[in-house]
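Residues per chain, in single letters:
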Amino acid sequence: MFIRRSTYQRLAARADAYAEAYVAARRAEHRKAAPAAARRARLVQACARYRAELAEQQALHDAALAKEQRRSAQLQARLDDALGLNSEDVLAGARWQQRRHDRPWPPAVAQ
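Residues numbered from 1 in each chain as written. Predicted model: local features only at pLDDT ≥ 70, side-chain atom pairs only at ≥ 80, totals over all residues. Heavy atoms only, no water.

## Quick look at the overall build of the protein
On a plain count of helices and strands, the protein comes out with three helices and zero strands. Overall, the protein shows an N-to-C arrangement of helices and strands of α-α-α. Scored against the burial criterion, the 111 residues of the protein give a buried share of 5%. (Helix = DSSP H or I, 4+ residues; strand = E, 2+ residues; numbered from the N terminus. Buried < 20%, exposed > 50% of the residue type's maximum accessible area, 1.4 Å probe, protein only.)

See below:
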């Protein structure tokens with residue numbers, strides 16, 4: 001799946017900012033000697049926010065991928081119509097190819 005360079009750069013900058021904030025928070029935690037439970041609670045909240053953002057981005061990219069797949073299927077159907085590849089004669093030929101006696105077995109894999 002392809003994403004725009006600007007989207008990638010924005011996500012990379014956000015990930016860097018989270019990493020820097022995480023390191024800064026860890027250093028501050030050690031300097032202040034905050035209780036372990038409070039430190040864990042803050043880290044859990046930060047992870048939950050990060051996971052929510054990742055899930056949102058995943059949903060957006062899944063939607064974009066589905067849209068591109070639909071567009072690709074439509075274009076392929078239009079190409080097949082234009083070239084006459086979905087006519088009865090072609091479909092009958094495809095069925096014959098599956099039943100032919102001199103067909104190599106197992107089917108050769110195109111490389």
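## Focus on the pattern of salt bridges
Under the criterion given, the structure shown has one salt bridge. Arginine 14 is the partner of glutamate 53 in a salt bridge, and the nearest nitrogen-oxygen pair spans 2.9 Å. Separated by 39 residues along the polypeptide, glutamate 53 in helix α2 (residues 36-83) and arginine 14 in helix α1 (residues 5-32) bring together distant segments of the chain. Taking relative accessible area as the criterion, arginine 14 reaches 29% and is therefore assigned partly exposed. (Salt bridge = Lys/Arg side-chain N within 4 Å of Asp/Glu carboxyl O.)

## Section: the packing of aromatic side chains
Taken as a whole, this structure holds one aromatic pair when the rule is applied. Their ring planes at 75° and their centres at 5.4 Å tell us that tyrosine 18 and tyrosine 50 sit as a pair that is edge-to-face. Within this pair, whereas tyrosine 18 is found in helix α1, its partner tyrosine 50 is found in helix α2, the two being separated by 32 residues in sequence. Judged by relative accessible area, which is 28%, tyrosine 18 ranks as partly exposed. For tyrosine 50, a relative accessible area of 35% translates into the label partly exposed. (Phe/Tyr/Trp six-rings, centres within 6.5 Å; stacked < 30°, edge-to-face > 60°.)

## Observations concerning the side chain of glutamine 57
As for its placement among the helices and strands, glutamine 57 is situated in helix α2. Classification of glutamine 57 as buried rests on a relative accessible area of 12%. Not counting residues within four places of it along the chain, the set of residues in contact with glutamine 57 comprises Arg10, Leu11 and Arg14. (Contact = heavy atoms within 4.5 Å.)

## Here's the deal with the confidence of the model for the protein
Atomic detail in the predicted coordinates should be set aside for any region of low pLDDT. Model confidence for the protein is summarised by a mean pLDDT of 82, while 80% of its residues fall at 70 or above. Per-element confidence in the protein ranges from a low mean pLDDT of 69 for helix α3 (residues 88-99) to a high of 91 for α2. (pLDDT = per-residue confidence, 0-100.)

## Comments concerning a nonpolar patch on the surface
Residues Leu79, Leu83, Leu85 and Val90 make up a contiguous nonpolar surface patch of roughly 350 Å² in combined accessible area. For valine 90, the location among the structural elements is in helix α3. (Patch = residues over 30% accessible without salt bridge, like charges linked within 9 Å, V, L, I, M, F, W, Y side chains within 5 Å. Areas by Shrake-Rupley, 256 points an atom, 1.4 Å probe, with all protein chains shown as cover.)

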